[in-house]
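Coordinate inspection notes
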Amino acid sequence: MHRHPCASLASLALASLALAAVGAPALAQGPQLGSPREIGLDAGLVVGLGDESSINVDVPAARARLGFFLPNNSRWSLEPALGLSYVKVEEEDGILQYNVEGGLLYHFRPPAQLADEAAANRVSVAYVRPFVNIIGFTGEDSDSEVSLGAGLGVKIPWRPALAWRLELNTGYGFDNEAFRIGAYAGLSFFPR
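Residues numbered from 1 in each chain as written. Predicted model: local features only at pLDDT ≥ 70, side-chain atom pairs only at ≥ 80, totals over all residues. Heavy atoms only, no water.

**Some remarks on the packing of aromatic side chains**
So the rule is basically this: What counts as a ring pair is set by centres within 6.5 Å for rings of Phe, Tyr and Trp (its six-membered ring), and what kind of pair is set by the plane angle: stacked under 30 degrees, edge-to-face over 60, tilted for all other angles. Burial here depends on accessible area, computed with a 1.4 Å probe over protein chains only, as a share of the maximum for the residue type. Under 20% is buried, over 50% is exposed, and the range in between is partly exposed. Should the NZ of a Lys or the CZ of an Arg lie within 6 Å of a ring centre and within 35 degrees of the ring normal, that charge is described as sitting over the ring.
In total, this model carries four aromatic pairs according to the counting rule given. Ring geometry for tyrosine 172 against phenylalanine 174: centres 5.2 Å apart, planes inclined by 80°, an arrangement best described as edge-to-face. Take phenylalanine 174: its relative accessible area is 46%, and that puts it in the partly exposed class. By way of ring pairs, the aromatic residues Trp76, Tyr106 and Phe108 are connected into one cluster. One Lys or Arg, arginine 63, reaches over the ring of tyrosine 184 and ends 4.1 Å from the middle of that ring. One Lys or Arg, lysine 155, reaches over the ring of tyrosine 127 and ends 5.7 Å from the middle of that ring.

Here is the structure:
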């Protein structure tokens, strides 16, 4: 299945706006760059090894994500992520491909432990992220699959309220019994 890059990018832009609008004003102030939220977009590469091997490359964006730091705990954050794309070929039914993910990040050292915010904005933070993922598509032969996995990554400050985010992860898809190796590279925004 071929995806049109503009449709994928437009879907992700709309998804990121919707996620940003949800907000979480009741959450306590989180440590990461002085914000309780993290809004991001990631490019991705996922290689599936199993009954049906696959390679999936999504550039410039595979998914939009929104992280919320948990109240009274500066090391944990919840992070839903969403990727959508729609393909319509002449004289064929349109296909919506979706990727819905829920993750829980544990940060090894929160920047809030540093003396001031300026110092916190210059220090990279490593994290581990267990996740559950549902990927599928609609159409005549609709299908979906649940997978579980974990990632190890780092947030690298770039500018005030912006950080690069790099992650390697592995997962297992239960429907097609595939082991997956993934890599994401993205940009995170930490609204004040």
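**Describing the confidence of the model for the chain**
The test is simple: Each residue carries a pLDDT value, the predictor's own confidence for that position, ranging from 0 to 100. Residues count as neighbours in contact if any of their non-hydrogen atoms are within 4.5 Å of one another.
Overall, the predicted model of the chain reaches an average pLDDT of 79, with 74% of residues at or above 70. Every residue in residues 1-33 is under pLDDT 50, and counting partners more than four places away or in other chains gives 67 contacts.

**Quick notes on the pattern of salt bridges**
Rules: The rule for a salt bridge is simple: a side-chain nitrogen of Lys or Arg has to be within 4 Å of a carboxyl oxygen of Asp or Glu. Think of it this way: any DSSP run of H or I at least four residues long counts as a helix, any run of E at least two long counts as a strand, and we number them from the N terminus.
Going through the model one piece at a time under the given rule, you end up with 11 salt bridges. Residue glutamate 38 is joined to arginine 165 by a salt bridge in which the shortest nitrogen-to-oxygen separation is 3.0 Å. Pair noted here: glutamate 38 is in strand S1 (residues 37-49) and arginine 165 is in strand S7 (residues 162-173), with a separation of 127 residues, a long-range link. As far as burial versus exposure is concerned, glutamate 38 and arginine 165 are alike and both buried. Linking aspartate 42 and arginine 63 is a salt bridge whose minimum nitrogen-to-oxygen distance equals 2.9 Å.

**Describing a nonpolar patch on the surface**
Put simply, the test is: The patches reported here contain residues having more than 30% relative accessible area and no salt bridge. Joining distances are 9 Å for like charges and 5 Å for nonpolar side chains (Val, Leu, Ile, Met, Phe, Trp, Tyr). Surface exposure here means Shrake-Rupley accessible area, sampled with a 1.4 Å probe, where a residue is shielded only by the protein chains that are shown.
There is a patch of nonpolar side chains on the surface, built from Leu49, Val100, Val132, Ile134, Val146, Leu148, Tyr172, Phe174, Phe179 and Ile181 and spanning about 820 Å² of accessible area. Sorting the residues of the nonpolar patch by element identifies strand S5 (125-137), strand S6 (143-159) and strand S8 (178-189) as the ones contributing at least two each. Inspection of the secondary structure assignment puts valine 132 in strand S5. Taking relative accessible area as the criterion, valine 132 reaches 38% and is therefore assigned partly exposed.

**Some words on the environment of leucine 41**
Note on placement: leucine 41 falls in strand S1. Accessibility expressed as a relative area gives 34% for leucine 41, which makes it partly exposed. Residues leucine 41 and proline 60 lie 19 residues apart in sequence; the distance between their C-alpha atoms is 8.6 Å.

**Regarding the sheet that holds strand S4 (residues 95-107)**
To keep it simple, the criterion reads: Here, strands pair whenever DSSP counts at least two bridges between them. The axes are straight lines fitted to the C-alpha atoms, using for helices just the contacting stretch, and the angles between their N-to-C directions are given from 0 to 180°.
Strand order in the closed barrel formed by eight strands is S1-S2-S3-S4-S5-S6-S7-S8, and the pairing between neighbours is antiparallel. The mean inter-strand angle of the sheet, taken between neighbouring strand axes irrespective of direction, is 25°. One ladder, built from 11 bridges, connects S1 with S8; its direction is antiparallel. Paired with isoleucine 39 across the two strands is phenylalanine 189, which belongs to S8.

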